[in-house]
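Summary of structural features
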Amino acid sequence: MTVHLRQIALVAERLEPVLQDFEAVFGLARCFIDPGVAVFGLENTLLPVGRNFFEVVAPVKPDTAAGRYLERRSGNGGYMVITQTPTLEALEAVRARAANSGVRVAWESARRGWTLIQLHPGDLKTTFLDVEWDENGDLAGPWPPAGGTGWEDKVRQDLVIDFTGVELQADDPVAAARLWSAVTGAPMEVSSGDPVVQLNNASLRFVAPSDGRGPGLSAVDLTVRDLAEVVRRARARGLAASSDRVEICGVRFHLRQA
């Protein structure tokens, strides 16, 4: 059963500085602002990376879920793993497996040709898992959270080609990986000593908390065309960087040369 990592959401206290970092360091372009997130007291912007997306959200009102998340994790950081299924039946199978595993649906929406569920981060022991289906069923095509179409000419891959994995911190990484495997229906394996759940196009790697911030989305794996240039750009902006890693919005980006 195919569950495809289509979008990674980060949460920031302020939107604009993070967007500027994504543009300057990774060479990405903004493609869509969703006015619909205002109902949650948020503003957002999406940036395509290949045929997938980064999203940055920021609270614009007090007492929002995103604001509480910022407080709990002591600042900017990863927020959601957002996935796509090719069929509505596949999404409903995830819902059923989540229920069987004791994982609640925190929020859901069903519109004509587009259904999504967001699974509770506390129940998942790490972060939100969002699962979406749209009537096109194209894992590299139209994407409703980015307005459907119209984003294609904003794809910039001169520096960053795509994301290939997400690191999730959990107090019990093995138990969390087994849970995510059970919910997604994706296989779990061990790679370099860490439990990994392999989605259609990317891996979810589960590790013990190492940054003092507790469970959550802590890192993203990126394939890049020019690793040294990405690091140079990050350092020029005063961001934390090493020979193969940069940090933006409280998230570590592990870089792999294409």
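Right above here is the structure, for reference.
None of the values given here were measured: they were computed from a predicted structure.

**With respect to the packing of aromatic side chains**
- Within the structure shown, the criterion is met by 11 aromatic pairs.
- A centroid spacing of 5.6 Å and a plane angle of 70 degrees characterise the contact between F22 and F26, whose relative ring orientation is edge-to-face. Taken together, the residues F22 and F26, both in helix α1 (residues 15-26) and 4 residues apart, mark about one turn of the helix. Of the two residues, F22 and F26, both sit in the buried class.

**Description of the sheet that holds strand β9 (residues 188-191)**
- Ordered by their spatial adjacency, 8 strands build an open sheet running β9-β10-β11-β8-β12-β15-β14-β13, and the pairing between neighbours is mixed. Where the open sheet ends on each side, the last strands, each with one partner, are β9 and β13 (241-242).
- Pairing between strand β8 (residues 160-169) and strand β12 (residues 216-224): 8 bridges, direction antiparallel. Among the inter-strand pairings, F163 is bridged to a residue of β12, identified as L222.

**So, helix α2 (residues 65-72)**
- Taken residue by residue, α2 has A66, G67, Y69 and L70 as its buried positions. Buried residues of α2, viewed axially, fall in a sector of 160 degrees; they line one side.
- Buried positions along α2 lie against β1 (4-11), β2 (42-49), β3 (52-59), β4 (77-84) and β12.
- Downstream of α2 by one or two residues, S74 has phi in the positive range, about 60 degrees.

The rules behind these values
- Residues numbered from 1 in each chain as written.
- Predicted model: local features only at pLDDT ≥ 70, side-chain atom pairs only at ≥ 80, totals over all residues.
- Heavy atoms only, no water.
- Phe/Tyr/Trp six-rings, centres within 6.5 Å; stacked < 30°, edge-to-face > 60°.
- Helix = DSSP H or I, 4+ residues; strand = E, 2+ residues; numbered from the N terminus.
- Buried < 20%, exposed > 50% of the residue type's maximum accessible area, 1.4 Å probe, protein only.
- Pairing = 2+ DSSP bridges.
- Arc of directions from axis to C-beta.
- Contact = heavy atoms within 4.5 Å.

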